[in-house]
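# Inside the fold
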Amino acid sequence: MNEPLVQESKNAARISEPELVLAPQNGNILNPYLMEIVRLLARRAALEWFQKIAEESRAKHS
């Protein structure tokens, strides 16, 4: 019988907890942490692509 009351109190406790938000609150400001992650992933992808092309080029010339 106390289960609905317990569930309500658990939900009420969650409201005061901080929330992780990756989207900008303002709409005009980009999250600097998210942008840095994107830059790092882009650099990694570009490096892997360049290495693959270089290996293919070396294989053709050998």
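Described below are features of the structure shown in this document. For clarity, every value in this text was computed on a predicted model and none was experimentally measured.

Thresholds applied
- Residues numbered from 1 in each chain as written.
- Predicted model: local features only at pLDDT ≥ 70, side-chain atom pairs only at ≥ 80, totals over all residues.
- Heavy atoms only, no water.
- Helix = DSSP H or I, 4+ residues; strand = E, 2+ residues; numbered from the N terminus.
- Buried < 20%, exposed > 50% of the residue type's maximum accessible area, 1.4 Å probe, protein only.
- Areas by Shrake-Rupley, 256 points an atom, 1.4 Å probe, with all protein chains shown as cover.
- Polar contact = N/O pair within 3.5 Å; in protein donor to acceptor, adjacent residues only side chain to side chain.
- Salt bridge = Lys/Arg side-chain N within 4 Å of Asp/Glu carboxyl O.
- Patch = residues over 30% accessible without salt bridge, like charges linked within 9 Å, V, L, I, M, F, W, Y side chains within 5 Å.
- Expected span 1.5 Å × (residues − 1).

## As for the overall build of the protein
Within the protein one finds two helices and zero strands. The buried share among the 62 residues of the protein stands at 2%. On the protein, roughly 6,400 Å² of surface is accessible, and the fraction owed to carbon and sulfur atoms is 60%.

## Some thoughts on the side chain of Asn-31
Within the element layout of this structure, Asn-31 appears in the loop between α1 (3-15) and α2 (32-61). A relative accessible area of 18% places Asn-31 in the buried class. Here the side chain of Asn-31 touches Tyr-33 through a polar contact of 2.9 Å, landing on its backbone nitrogen.

## So, the pattern of salt bridges
Counted according to the given criterion, the structure contains one salt bridge. The partner of Glu-36 in a salt bridge is Arg-39, with the nearest N and O atoms 3.5 Å apart. Here Glu-36 pairs with Arg-39, and both are found in helix α2, just three residues apart, close to one helical turn. Classification of Glu-36 as partly exposed rests on a relative accessible area of 34%.

## Focus on a nonpolar patch on the surface
Taken together, Trp-49, Phe-50 and Ile-53 make up a surface patch of nonpolar side chains, about 360 Å² in accessible area. Checked against the element boundaries, Trp-49 lands in helix α2. Trp-49 sits in the exposed class, given a relative accessible area of 56%.

## Some points on α2
When the terminal C-alpha atoms of α2 are compared, their 43 Å separation across 30 residues agrees well with the 44 Å that a helix rising 1.5 Å per residue should span. For α2, the N-terminal capping position is held by Asn-31, with its side-chain oxygen 2.9 Å away from the main-chain nitrogen of Tyr-33.

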